[in-house]
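# A look at the structure
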2 protein chains.
Amino acid sequence: MPDSKSSRSSKLNKMRRQPQQARSQERVQQILDVAEQLFVEIGYESATTRAIAAQAGVSVGSIYQFFPDKEAILKALAIRYLQKQYQRFLDLHTPAAMTLPLRQYVDQMIDVFDQFYTDYPGSRAIFAQLLDTITWSKIEKIDDFEYQVIDELARFFHARAPSLAISKCERIAMVITKTITELLWLSLGGDPEFRQDLVAETKLLTLSYLQQYLPESAPE
Amino acid sequence: MPDSKSSRSSKLNKMRRQPQQARSQERVQQILDVAEQLFVEIGYESATTRAIAAQAGVSVGSIYQFFPDKEAILKALAIRYLQKQYQRFLDLHTPAAMTLPLRQYVDQMIDVFDQFYTDYPGSRAIFAQLLDTITWSKIEKIDDFEYQVIDELARFFHARAPSLAISKCERIAMVITKTITELLWLSLGGDPEFRQDLVAETKLLTLSYLQQYLPESAPE
DNA sequence: TGGAAATATGAACACTGTTCAAATTTTACC
DNA sequence: GGTAAAATTTGAACAGTGTTCATATTTCCA
């Protein structure tokens, strides 16, 4: 099952060369900012490398000095948002939150993801472009974040119901994560009322399922 | 929010020209068969129109006589599978099945989709290529099938719980459809044990959620 | 200041999907 | 069966892409 033709030589690093001079770092920022704007406005495919270079006031060659290929620019933008999203999720899991009633925990967790899209409206377009464009190999880094969310959730479940095998907790966490991600993503495509409604349904779905495995309250 | 650059002129029809002669229809079949094989083996992007034409024993021009562009070939392949899938779903909704206990209905419905992927293993690769490649506009026909599934489900729910508003039934059906699609898709990525396990979790998730709205048994 | 190392440039390259005038095949009519 | 019109097939040519790399420029440091 050969993946493609591309040689897996040195595209592994996000950046081809670490920018050592201050001016270079500004350049990278400039390229990223222009690329994000163009990707959102006219789409990933229509935003040619020539256009990005021209708009950023650099040459095409300069882009390839920092990014191994065009996809890497989009990936870098997506990772910037994913880090923010993951951090918010982690911040939710304070010792205090671990003892919350299940219903309230589910409420807060889903609100965290929903609020993220409100606070970073640009992330929706970038994620959409990513889903449309990137060939599902080489997402490593991207679903690394998803795996970390699943892992954190699994630990939370195991603390709630120690009799549940950790592997079972991971499976439940995976189901929950995939489902919430999909439904919240769907909610972004409609008007505010639709979105609010779908968030409520997502909470109900999640809670109903988790109640099959977890007690309402945390063990003392 | 301009969608792209493409002119929405006459790409609307699946085929540029309806094949009128018998030989032409064989040609279309030949192109589709070769394209499916190449898409699965080396991927959509690597399968150039030149390669498809050569392998099918026709010229590039002939391809464009029947398909407005390369995407249309992939879409035609996907629609062939989607029709099969949708037909199976419809076949499930006999008058007899409408009175089944909720648990058994959920069981059968999810098995229908799961069984489809077993019976048509090639569909997975084609759907994957479609998700990776097609820009989320112009899928009309594709999620037409999804909408019909949602609609059929909504009618079923309304028959089960007439007090539920039809709009509410549609929303529930949408949530269920999106969730099952996502989880079963995920299940295809693992080994048979993982897949079986995920199908079971999908059933539990679906049933738990539906029980919040629907009675266990159909009304008399 | 001078020259070596780092950085920036954009024409050239390889390859893509797509078109369309010309060649070929089929059809229809006597 | 012969022939001209219509339908169909062809593939070189076109337009546009991402990417490279020899060359020019800038920065750095003795």
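As the structure is a computational prediction, the values presented were derived from the model and not from experiment.

## Points about the domain arrangement of chain A
One widely used convention gives an interface's size as the accessible area the parts lose upon coming together. Residues and elements named next belong to chain A. The domains assigned to chain A are domain 1 (22-68) and domain 2 (71-210). Listed as interface residues are 13 residues of domain 1 and, on the opposing side, twelve residues of domain 2. Summed over both partners, the interface of domain 1 with domain 2 buries about 1100 Å², with 71% contributed by carbon and sulfur atoms. On the domain 1 side of the contact with domain 2, Glu36, Phe39 and Tyr44 bury the most area, a combined 51% of that side's loss.

## Considering the relation of the copies chain A and chain B
When chain A is fitted to chain B, the best match, at an RMSD of 0.1 Å, comes from turning it 180° and sliding it 0.0 Å along the axis. Each copy turns onto its partner about a two-fold axis.

## Describing the pattern of salt bridges
Applying the stated criterion across every chain, the model contains 20 salt bridges over all chains. A:Arg171 serves as the salt-bridge partner of B:Asp197, at 2.6 Å between the closest nitrogen and oxygen. Taken as a pair, B:Asp197 in helix α9 (residues 192-211) and A:Arg171 in helix α8 (residues 166-187) lie in two separate chains rather than in one. Assessed through its relative accessible area of 24%, B:Asp197 is described here as partly exposed. Here B:Glu36 and B:Arg80 are joined by a salt bridge, their closest N and O atoms 3.3 Å apart. Within this pair, whereas B:Glu36 is found in helix α1 (residues 22-42), its partner B:Arg80 is found in helix α4 (residues 70-92), the two being separated by 44 residues in sequence. Judged by relative accessible area, which is 14%, B:Glu36 ranks as buried. Members of the salt-bridge network, linked through shared partners, are A:Asp107, A:Asp111 and A:Lys203.

## Focus: the packing of helix α4 (residues 70-92) of chain A against helix α7 (residues 140-160) of chain A
All names here are of chain A. Closest axis-to-axis distance for the α4/α7 pair is 9 Å, and the angle between their directions is 10°. Classed by the angle they form, the pair α4 and α7 counts as roughly parallel. Along its contact with α4, which presents Lys75, Ile79, Leu82, Gln83, Tyr86, Phe89 and Leu90, the element α7 presents Lys141, Ile142, Phe145, Gln148, Val149, Glu152 and Leu153. In terms of residue class, the contact of α4 with α7 is made up of nine nonpolar, two polar and three charged.

## Things to note about the packing of aromatic side chains
Aromatic ring pairs are defined here through the distance separating the ring centres and the angle between the ring planes. Residue and element names in this part refer to chain A. Under the counting rule described, the total for this entry stands at 24 aromatic pairs over all chains. Judged by centre distance (6.3 Å) and plane angle (80°), the rings of Tyr81 and Phe127 are edge-to-face. Placement of Tyr81 in helix α4 and of Phe127 in helix α6 (residues 121-133) is noted, with a sequence separation of 46 residues between them. Each member of the pair, Tyr81 as well as Phe127, is classed as buried. Three or more aromatic residues link up through ring pairs in this structure, and these residues are Tyr81, Phe116, Tyr117, Tyr120, Phe127 and Trp185.

## What to know about helix α5 (residues 102-119) of chain A
All names here are of chain A. Between its first and last C-alpha, α5 extends 26 Å over 18 residues, near the 26 Å set by a 1.5 Å rise per residue. The complete set of buried residues in α5 reads Leu102, Tyr105, Val106, Met109, Ile110, Val112, Phe113, Asp114, Phe116 and Tyr117. Residues of α5 that are buried in the fold lie against α4, α6, α7, α8 and α9 (192-210).

## Remarks on the interface of chain A and chain B
Across the contact, 28 residues belong to chain A and 28 residues belong to chain B. Carbon and sulfur atoms supply 58% of the area that chain A and chain B bury against each other, a total of about 2900 Å² over both sides. On the chain A side of the interface with chain B, the three residues burying the most area are A:Asp132, A:Arg171 and A:Glu201, jointly 21% of the side's total. Summed over the shared surface of chain A and chain B, the result is four salt bridges. The shortest N-O distance in the salt bridge between B:Glu201 and A:Lys168 comes to 2.8 Å. Counting every contact that joins chain A to chain B gives ten residue pairs in polar contact (both at pLDDT 80 or more). Put simply, the parts of the chain that give the side of chain A that touches chain B at least two residues each are α6, α8 and α9 of chain A.

## Concerning the packing of α8(A) against α9(A)
Residues and elements named next belong to chain A. One way to put it is that α8 packs onto α9 with a least axis distance of 9 Å and a crossing angle of 170°. In terms of orientation, α8 lies roughly antiparallel with respect to α9. Contacts between α8 and α9 pair Ile172, Val175, Ile176, Thr179, Ile180, Leu183, Leu184, Leu186 and Ser187 from the former with Phe194, Arg195, Leu198, Val199, Thr202, Leu205, Thr206, Tyr209 and Leu210 from the latter. Class assignment of the residues belonging to the contact of α8 with α9 gives a composition of 13 nonpolar, four polar and one charged.

## Here we look at the confidence of the model for chain A
Summary statistics for chain A give a mean pLDDT of 87 and a share of 85% for residues scoring 70 or more. Counted against residues more than four places away or in other chains, residues 1-13 of chain A, with its pLDDT under 50, gives ten contacts.

## So, the environment of A:Val58
Mapped onto the elements, A:Val58 comes out in the loop between α2 (49-56) and α3 (60-66). Residue contacts for A:Val58: discarding those within four places in its chain leaves A:Arg27, A:Ile31 and A:Ala53.

Reading the values: the criteria
- Residues numbered from 1 in each chain as written.
- Chains lettered and ligands numbered in written order.
- Predicted model: local features only at pLDDT ≥ 70, side-chain atom pairs only at ≥ 80, totals over all residues.
- Heavy atoms only, no water.
- Domains from an automatic or database assignment.
- Contact = heavy atoms within 4.5 Å.
- Buried area = accessible area lost by both parts, 1.4 Å probe.
- Least-squares fit on C-alpha atoms with pLDDT ≥ 70 in both.
- Salt bridge = Lys/Arg side-chain N within 4 Å of Asp/Glu carboxyl O.
- Helix = DSSP H or I, 4+ residues; strand = E, 2+ residues; numbered from the N terminus.
- Buried < 20%, exposed > 50% of the residue type's maximum accessible area, 1.4 Å probe, protein only.
- Axes fitted to C-alpha atoms, helices over the stretch in contact; angles between N-to-C directions.
- Parallel < 35°, antiparallel > 145°, perpendicular 65-115°, else oblique.
- Nonpolar A, V, L, I, M, F, W, Y, C, P; charged D, E, K, R; others polar.
- Phe/Tyr/Trp six-rings, centres within 6.5 Å; stacked < 30°, edge-to-face > 60°.
- Expected span 1.5 Å × (residues − 1).
- Polar contact = N/O pair within 3.5 Å; in protein donor to acceptor, adjacent residues only side chain to side chain.
- pLDDT = per-residue confidence, 0-100.

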